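Okay, here's what each chain looks like letter by letter:
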Amino acid sequence: MISRSSFLAKSVARNISTNGFRRLASTKSLKETLQEVIPAKQEQLKKLKAEHSQAVVGEVKVENILGGMRGLKAMLWEASVLDPNEGIRFHGLTIPDCQKVLPPAPGGKEMTAESMLWLLLTGKVPTPEQSRQLSAELAEKGELPSFVTQLIDSLPKTLHPMTQLGMGVAALNHDSEFQAAYERGIKKPEYWTYTLEDCLNLIAKLPALAARIYRNVYHPERFLESVDKNLDLVGNYSNMLGFGQNEHLTEYLRLYIALHGDHEGGNASAHTAHLVGSTLSDPYISYSAALFALAGPLHGLANQEVLRWQMAMQKEIGDNITHENIRDYLWKTLKSGQVVPGYGHGVLRNPDPRFVALQEFCKTHPELQASPIIQLVQQTAEIAPDVLKEHGKTKNPYPNVDATSGCVLYHYGLTEFKYYTVIFGVSRALGALTQLVWARALGLPLERPKSYSMDALQKLIKN
């Protein structure tokens, strides 16, 4: 039997660094943690190629080709996997798992963007110390260079906020460490380290960039706060938006941004970042392309469409909110040829766990429970699935995350609909940029699927 003193001695020995000082595991940096986990992933990929490269994992039907490649198993994406019935898992952890184990901000209850980023990148749960260390690192990198502030300030306030965000992110490419290193002629095994630096720099600067756009477009009279080195990423974002004193909104944004951080790789924005990144474009160019995909009405605008629809319902039925009135409005929407926004999903076949998590947040905040728009969202979620089942044209009649996310922002005073996708864009960087690091670490190739014309497809079918 090993004595307790012997066990402790071995534990201490394991925590001695090569520099001769004691290094506890909880103090390892993000980069050091990645350096530990990357070799195992590289070996796993090597084994997959060697032993299973010819294994069949699915089939391609004509409906897949004509239907936007929906459901095709055709991408490697390390950070998350979306199950139609269970919902999203981040390195195997469900959303409730993440809420239990990922560290919150000091004084807060909700997981931070930094703790989610750490999990996505490393597959490991950070300690509170590691999460705060990453917060401090991002805060140090958070200020925008002057040429970007001048660019954003020169844009007309009528230019869509997402266009401005994409332009600002692309302009940051001026200082890309990966691009500079690539031009110097670095070796492929070093690609991921410079990509990581660019990704962290970009994530760090997104709050200041997004907040500046918000100030310029909607509140030019407001003073724009600087990055506070003592705050986490979302704490700074909320503060620069002008909501720093609203602790409940700040906590909601922490949850919102962590939950929206990744949703596997097949969605339009994540796939765009991966596709452009596969050309070895730097993370700034890659993610700016992803943002322009996110700006499309079929992708990132859903929560504002939900809010407009719910507010139109509220206006029509007035204070007499009953299940029957809501049911009638749902049928009115469907019979007019419109879809019910916030319901259904391209992959999910059960209620979206992100919706459930945001609803649980609402239940623990009395001001949200008393909000007419939130009450309407909750009652609609009780009735809509049965109506949609009866309608019979929806594969998934359950609410997705958009059914509630924008309505909570509206309640807390962030009422500018067009800006909501910018918040989504700040969030989705966590997963899309994580994948760029892993694509470089694993040496993933240029993406190049095969395409067919309709004539060629018909010929292929006949043969």
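Given the structure is predicted, the values throughout are model-derived calculations rather than measurements. (Residues numbered from 1 in each chain as written. Predicted model: local features only at pLDDT ≥ 70, side-chain atom pairs only at ≥ 80, totals over all residues. Heavy atoms only, no water.)

## Here we look at the overall build of the protein chain
Point 1. Helix and strand counts for the protein chain stand at 22 helices and two strands.
Point 2. Taking 2.2 N^0.38 as the reference for a compact globule, 463 residues should give roughly 23 Å; the C-alpha atoms of the protein chain span a radius of gyration of 23 Å, in line with that estimate.
Point 3. Across its three principal axes, the protein chain shows a C-alpha extent of roughly 70 × 65 × 60 Å.
Point 4. When each of the 463 residues of the protein chain is scored for burial, the buried share is 49%.
Point 5. By sequence separation, contacts in the protein chain at least 24 residues apart represent 74% of the contacts at least 6 residues apart.
Point 6. Carbon together with sulfur atoms contributes 53% to the accessible area of the protein chain, which is approximately 22,500 Å² in total. (Helix = DSSP H or I, 4+ residues; strand = E, 2+ residues; numbered from the N terminus. Rg over C-alpha atoms; globule rule 2.2 N^0.38 Å. Buried < 20%, exposed > 50% of the residue type's maximum accessible area, 1.4 Å probe, protein only. Contact = heavy atoms within 4.5 Å. Areas by Shrake-Rupley, 256 points an atom, 1.4 Å probe, with all protein chains shown as cover.)

## Brief notes about the pairing of strand E2 (residues 87–90)
Point 1. For strand E1 (residues 80–83) and E2, the ladder comprises four bridges, and the chain directions are antiparallel. Of the residues in E2, the one forming a bridge with Asp83 is Gly87.
Point 2. Linkage of E1 to E2, two consecutive antiparallel strands, is achieved through a turn of three residues. (Pairing = 2+ DSSP bridges.)

## Description of the layout of surface pockets
Point 1. Of the pockets and cavities examined, the second largest pocket occupies roughly 680 Å³.
Point 2. As for the second largest pocket, its lining consists of 32 residues, of which Pro106, Gly107, Gly108, Glu251 and Arg254 are closest to the centre.
Point 3. Elements supplying a minimum of two residues to the lining of the second largest pocket: helix H6 (128–140), helix H11 (233–241), helix H12 (247–259) and helix H17 (353–363).
Point 4. Top contributing element to the lining of the second largest pocket by residue count: H12, with six residues.
Point 5. Class assignment for the residues of the lining of the second largest pocket results in eight nonpolar, 15 polar and nine charged. (1 Å grid on protein atoms, 1.4 Å probe; cavity = no way out; pocket = protein on both sides within 12 Å on 5 of 7 lines; lining within 4 Å. Points joined across faces, edges and corners; volume = space filled by probe spheres on them. Nonpolar A, V, L, I, M, F, W, Y, C, P; charged D, E, K, R; others polar.)

## Quick notes on the packing of H17 against helix H19 (residues 372–391)
Point 1. Between H17 and H19, whose axes approach to 12 Å, the crossing angle comes to 135°. Between H17 and H19, the angle falls in the class oblique. As H17 runs across H19, the sense of the crossing is left-handed. Between H17 and H19, the contacting residues are Phe355, Gln359 and Cys362 on the first element and Ile374, Val377, Gln378 and Ala381 on the second.
Point 2. Classifying every residue of the contact of H17 with H19 by side-chain character gives five nonpolar, two polar and no charged. (Axes fitted to C-alpha atoms, helices over the stretch in contact; angles between N-to-C directions. Parallel < 35°, antiparallel > 145°, perpendicular 65-115°, else oblique. Left-handed = near helix turned anticlockwise from the far one by under 90°.)

## Focus: empty space enclosed by the protein
Point 1. Scanning all chains against the criterion turns up one cavity of 30 Å³ or more.
Point 2. If you go around the largest cavity, you meet 14 residues; those closest to its centre are Ala139, Ala204, Val227, Leu233 and Asn236.

## Points about the confidence of the model for the protein chain
Point 1. Summary statistics for the protein chain give a mean pLDDT of 92 and a share of 94% for residues scoring 70 or more.
Point 2. Note that residues 1–24 has pLDDT below 50 and, in this model, 14 contacts with residues that lie over four places away or in other chains. (pLDDT = per-residue confidence, 0-100.)

## Considerations on the packing of aromatic side chains
Point 1. A full pass over the atoms with the stated rule returns eleven aromatic pairs.
Point 2. Between Phe178 and Tyr191, the aromatic rings sit 5.6 Å apart at their centres with planes inclined by 85°, giving edge-to-face as the arrangement. Taken as a pair, Phe178 in helix H9 (residues 177–184) and Tyr191 in helix H10 (residues 191–218) lie far apart in primary sequence, 13 residues in all.
Point 3. Measuring from centroid to centroid gives 6.0 Å for Tyr410 and Phe417, while their planes differ by 70°, and the two rings are edge-to-face.
Point 4. Judged by its relative accessible area of 28%, Tyr410 falls in the partly exposed class.
Point 5. Ring-pair connections join several aromatic residues into one group, and the members of that group are Phe178, Tyr182 and Tyr191.
Point 6. Positioned above the aromatic ring of Phe243 is the side chain of Arg222, whose terminal nitrogen or guanidinium carbon lies 5.9 Å from the ring centre. (Phe/Tyr/Trp six-rings, centres within 6.5 Å; stacked < 30°, edge-to-face > 60°. Lys NZ or Arg CZ within 6 Å of the ring centre and 35° of its normal.)

## Observations regarding unusual backbone geometry
Point 1. Unusually for a residue other than glycine, His91 sits at a positive phi of about 50°.
Point 2. Along the chain, the position of His91 falls in the loop between E2 and helix H4 (95–101).
Point 3. Its relative accessible area of 26% is what places His91 among the partly exposed residues.
Point 4. Although it is not a glycine, Glu264 adopts a positive phi angle of roughly 50°.
Point 5. Tracing the backbone through its elements, the reader meets Glu264 in the loop between H12 and helix H13 (268–277).
Point 6. By relative accessible area, which is 23% here, Glu264 ends up partly exposed.

## Focus on the nonpolar core
Point 1. If you look at the biggest cluster of nonpolar residues, it comprises 101 residues, and the most contacted ones within it are Met116, Tyr237 and Tyr287.
Point 2. Counting residues per element, this core draws most heavily on H10, at 15 residues.
Point 3. Contacts of Tyr287, omitting those with residues within four sequence positions, involve Val169, Leu202, Leu206, Gly425, Arg428, Ala429, Ala432 and Leu433. (Core = buried A, V, L, I, M, F, W, Y, C linked by side-chain atoms within 4.5 Å.)

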